[in-house]
Amino acid sequence: MSVENLQKAKKLIEELKQNDYLKLKRSLGVGLYLFNLLKDRLSEAHLELLKRFDTMPLPKRIVILNEIEHALKIEHAELQINFDFYPKKPLEKFFVEIDKLKVLDPKEKRLIESLGIKDLFSAFWFVPVRYEDRRLNTSIKTALPGKAVALKVRIVDAEYDPLGNYPITVRCEDGTGYLTLKYKFKNRSVLLRFKKGMQIIVFGKLMEYKQEKYMVHPEIIKEEEAGRIIPFYNIRTKDSQSLSAKTRHRKVRQAMQKLLEYVKYLPEYLPKELLEKHKLPKLPESLYFLHNPTEASNELYAFDTPAHHRLIYEDLLLFQLALQLKKREIKSLSAVKLNRAEESLREFLGVLPFEPTQAQMRVLKEIINDINQGKPMNRLLQGDVGSGKTVVAMAVCYMFFKEGYQSAVMVPTEILAYQHYENFKKLLEPLGVKVGLLTSSVSPSQKMSLLRHVRDGHIHVVVGTHALIQQKVRFKNLAFAVVDEQHRFGVMQRKLLLEKSESVFPHFLVMSATPIPRTLALSLYGDLDISILDQMPQGRKPIITKLFFESEFEKVIKAISSELEKGNKAYVIYPLIDSSEKLELKSAVEEYKKWVSLFPNRKVLLLHGKLKDEEKKRVMEEFREDGDILVSTTVVEVGVDIPSATVMVVESAHRFGLSQLHQLRGRVGRSGLQSYCFLVVPDQIRYDKEALRRLRVLVQTNDGFKIAEEDLRLRGPGELLGESQSGYFGFWVANLQRERDRYLLELCKQDAEELLRKDPELKEHEDLKKVLLYRYADRIDLSYIA
Ligand code: ADP
Ligand code: MG
């Protein structure tokens, strides 16, 4: 492929265009000549056109020539931007609030702020989520069917047929062929918009059927909205300004373009070695490209261009730096030791109604060891559902109690808080421990007295929800904080919990049943040490899981009946609360009636997220006491522990992720009794091979880690690390659903380690440090490097 030929072709096209195509009018054999120069450079379709070029009428030749010129230009145009010559401004200038910017008018400011963008810097990073290629670089003849394209066409005629599938049809041409626009509008007056001879630009998916090329409901776009690749931003917002989505998109785009003028002056702050090592483009250029791409490719649509990589890399590097600095900070502090840990543990085990598993003992040793380093422990305890994490936390609370310190246990829901409270009380109160419960539904007077006792140190263990991290809660000497099912809590909340103690810095334990594969866990929780409970309590029988179609429901009923006969309990889970949400799915409220009539002599209860907290608690207690069947949504998913429940029925099981189903299944099999999990799906699912394959993973294994790996493989980290989790970790563009991003996360972990080894306080990277503080200061305390 010769560059020379390319240059020759480009030069020739330029000459041909001069003087209103004078030379083109006079020359012969142009098509053949260009064909030979460009035969290994152009698409089949273009070459085909060139072959017949010389026999075509002039207007057609002109269109083709322009198109070919464009095709040659766009090749490798990506990121051919260079802002090195712009004088760089201090980074602080870019942290200026949107409100203070002169380029935007008040309306634009409000619009940008309504997107949650507070300053110039974060506006740059608000990169488009989608693009439309509206360049006019193709023709009816050459555009590929099945792809969305912009075409400049002239209207030949427009017809109205009230009985047709598409009453309005408009025929157009562009010199290379014909195109029909089809509209479902029933109103004849629409015809007036399509005047014969008018030139318009249409954008839509090009379709082809029996040699007819057409578009269904294409957009008619204005000249200024065409001719380039148009970015689309995530304009979802709570603020309901009365703008149509289309206008809103346009206005956001316009405002962003204005702000983008400043990007040229943004300094690069990532270490040069790192950019070079990973062949990443510079930040200002990358940002500019993403807001203003010159090339549309599959990579662009998939967030996979070098410019995207640059941003994602930074996102993850900052995250790793923050985690590692956090870890270092914690290890530089001191915390209380346990002097009589072994002794206290023996006492605790003495009252425990069962033998601890080897894994529980090992983890307890790891924890004691860690605490006795004299530095704050910061540890993740991972263990599959039912592996007995709570007991471990309880033992540690007891050890601290014995040495005069308080503990706090924070859980995500009221139901769980209450359940833990009861369990802690049952086991620990006989040992002299005072346990308190703090949730938002505790009455004000009770709360007052509770808070006082916590402050005075009369209450030794406080179990609670978010209420625990409210301003008013103060401890006398909190030495141990536990967060259960941590994936529901933000890093921010962890920080608040740790700030609750004035005299000592608490040891910290997060417990999670979310089986994140180990390497990912290590990168994501780089600030934490990890302990794993990899063993179930003795005598547990593996849960028997079966897949049923709705037509086989009799079998499910039979199995439930026989379990209820034995005095056991059953859960039935639905994806929805009530049918108002989505019609085709079953809902707990509707189906509850069915269960009541199926089991008239049994106590059937209903639980869902819309109930008041008090009410939820009551239902759970009733079910625990003498209930038989609990019809519920996924509110029972996390942590609920009722050992005599032996049946878990999940209806519309195909609507749940594997890991979520595994969590649900974990509500049974929590004792020595044989338990069952029945996954019920509509009969149509028979034909959905993929869905069946997915669900069979659950039938085949009880191992949460295997299931998580499978989930990760089949659908990305989904609910494990989905959208909401991005916010949790503080990412702006990275998304761990993408395999490449997970790979980059690993890289960044190593790069961050190396960077901090060479420059522990980031003295050589002042700007990088500024950005780090800007991004993470509210989540992680980084004040000591500032
Ligand atoms: P998870 O790890 O899912 O939070 P829990 O701590 O709720 O699990 O424990 C599940 C059930 O197993 C509880 O009823 C608990 O009392 C019981 N359990 C915990 N450890 C053991 C053990 N070593 N032997 C027997 N039962 C245990
Ligand atoms: Mg638990």
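Residues numbered from 1 in each chain as written. Chains lettered and ligands numbered in written order. Predicted model: local features only at pLDDT ≥ 70, side-chain atom pairs only at ≥ 80, totals over all residues. Heavy atoms only, no water.

Chemist: If you had to explain the nonpolar core to someone new, which residues and values would you point to?
Modeler: For soluble globular proteins, the rule of thumb is that nonpolar side chains tend to be buried together. One finds Phe124, Leu266 and Tyr269 to be the most contacted residues of the largest nonpolar core, which totals 94 residues. No other element matches the 12 residues that helix α11 (residues 306-332) contributes to this core. No fewer than three residues from each of domain 2 (91-132 + 230-302) and domain 4 (336-533) sit in this core. Val363, Phe400, Leu437 and Ala479 belong to the second-largest nonpolar core, a separate cluster that totals 46 residues. (Core = buried A, V, L, I, M, F, W, Y, C linked by side-chain atoms within 4.5 Å. Buried < 20%, exposed > 50% of the residue type's maximum accessible area, 1.4 Å probe, protein only. Helix = DSSP H or I, 4+ residues; strand = E, 2+ residues; numbered from the N terminus. Domains from an automatic or database assignment.)

Chemist: Talk me through the pairing of strand β13 (residues 461-464); I want residue IDs and the actual numbers.
Modeler: Every other side chain in a regular strand lies on the same face of the sheet, so the side chains alternate between the two faces. Neither face of β13 is left uncovered, since the one carrying Val461 and Val463 and the one carrying Val462 and Gly464 both have all their residues buried. Bridge count for strand β11 (residues 406-410) against β13 is 4 bridges, and the pairing is parallel. In the sheet register, Met410 faces β13, and the bridge partner there is Gly464. For strand β12 (residues 435-438) and β13, the ladder comprises 4 bridges, and the chain directions are parallel. By the bridge assignment for β13, Val435 is matched with Val461. As a crossover connection, the stretch from β12 through helix α16 (residues 444-456) into β13 is right-handed. (Pairing = 2+ DSSP bridges. Right-handed = clockwise from strand over helix to strand, strands pointing away.)

Chemist: Can you explain the site of ligand 1? Please cite residues and give values.
Modeler: Within the structure, ligand 1 sits among 17 residues, and Gly386, Lys389, Thr390, Asp641 and Arg670 are positioned closest to it. A distance of 2.9 Å is found between a nitrogen atom of ligand 1 and a side-chain nitrogen or oxygen belonging to Gln360. Protein contacts shield 87% of the accessible area of ligand 1, which totals 560 Å² for the unbound molecule. Looking at which element gives the most residues to the shell around ligand 1, the answer is helix α14 (residues 389-402), with 3 residues. (Near = heavy atom within 4 Å. Polar contact = N/O pair within 3.5 Å; in protein donor to acceptor, adjacent residues only side chain to side chain. Areas by Shrake-Rupley, 256 points an atom, 1.4 Å probe, with all protein chains shown as cover.)

Chemist: I'd like a rundown of the confidence of the model for the chain, residues and numbers included.
Modeler: Mean pLDDT over the chain: 87, with 90% of residues reaching 70 or higher. Confidence over residues 717-724 falls short of pLDDT 50; this stretch has 23 contacts with residues more than four positions distant or in other chains. (pLDDT = per-residue confidence, 0-100. Contact = heavy atoms within 4.5 Å.)

Chemist: Give a description of helix α19 (residues 553-565) that names residues and reports values.
Modeler: An α-helical segment advances 3.6 residues per turn. Residues three or four places apart therefore align on the same side. In this model α19 runs 19 Å from its N-terminal to its C-terminal C-alpha over 13 residues, within 8% of the 18 Å that 1.5 Å per residue would give. Taken together, the buried positions of α19 are Phe553, Val556, Ile557, Ile560, Glu563 and Leu564. The buried residues of α19 occupy an angular sector of 130 degrees when projected down its axis, which confines them to one face. Every exposed residue of α19 that faces more than 90 degrees away from the buried side is listed here: Glu554, Lys558 and Glu565. Looking at the buried positions of α19, the neighbouring elements they touch are β17 (544-549), β18 (569-573), α20 (588-598), β20 (629-632), β21 (645-651) and β22 (676-681). Among the residues trailing α19, Gly567 stands out with phi positive, at a value near 90 degrees. (Expected span 1.5 Å × (residues − 1). Arc of directions from axis to C-beta.)

Chemist: Pulling in residues and values, what's your account of the domain arrangement of the chain?
Modeler: Domain assignment breaks the chain into domain 1 (3-73), domain 2 (91-132 + 230-302), domain 3 (136-226), domain 4 (336-533) and domain 5 (544-701). Here the C-alpha centroids of domain 1 and domain 4 sit 75 Å apart.

Chemist: Can you lay out the packing of α14 against helix α15 (residues 414-428) for me, pointing to particular residues and giving the numbers?
Modeler: Orientation of α14 relative to α15, taken along the N-to-C sense of each, is 55 degrees, at an axis distance of 11 Å. Put simply, α14 runs oblique to α15. Seen from above, α14 lies across α15 with right-handed handedness. Across the interface between the two elements, Thr390, Met394, Cys397 and Tyr398 from α14 touch His420, Asn423, Phe424, Leu427 and Leu428 from α15. Across the contact of α14 with α15, the residue classes tally to 6 nonpolar, 3 polar and no charged. (Axes fitted to C-alpha atoms, helices over the stretch in contact; angles between N-to-C directions. Parallel < 35°, antiparallel > 145°, perpendicular 65-115°, else oblique. Left-handed = near helix turned anticlockwise from the far one by under 90°. Nonpolar A, V, L, I, M, F, W, Y, C, P; charged D, E, K, R; others polar.)

Chemist: Please set out the pairing of β11 residue by residue, giving values where relevant.
Modeler: Of all 5 residues that make up β11, 5 are buried, and the element is covered over most of its length. Both faces of β11 are covered, namely the face carrying Gln406, Ala408 and Met410 and the face carrying Ser407 and Val409. Across 5 bridges, β11 lies against strand β14 (residues 478-484) in parallel orientation. Within β14, the position partnered with Val409 by the bridge is Val482.

Chemist: Tell me about the sheet that holds β14, residues and numbers included.
Modeler: Read from one edge to the other, the open sheet built from 7 strands follows the order β12-β13-β11-β14-β15-β10-β16, with strand pairing classed as parallel. A single partner strand is all that each edge strand has here, and the edge strands are β12 and β16 (529-533). On average, each strand axis in the sheet is tilted by 20 degrees relative to the strand beside it, whichever way the strands run. Where α16 meets the sheet, it contacts β11, β12 and β13, and its direction lies at approximately 130 degrees from that of β12.

Chemist: Break down the sheet that holds strand β4 (residues 178-183) for me, citing the residues and quoting the values.
Modeler: Spatial strand order, β6-β7-β4-β3-β2-β5-β8: 7 strands in an open sheet with mixed pairing. If you trace the sheet from one side to the other, it starts and ends with β6 (207-209) and β8 (219-221), each paired once. For this sheet the average axis-to-axis angle between neighbouring strands, irrespective of direction, equals 45 degrees. Of the strand pairs in this sheet, β4 and strand β7 (residues 212-216) are connected by 3 bridges, and their pairing is parallel. Residue pairing across strands places Lys182 opposite Val216, the latter belonging to β7.

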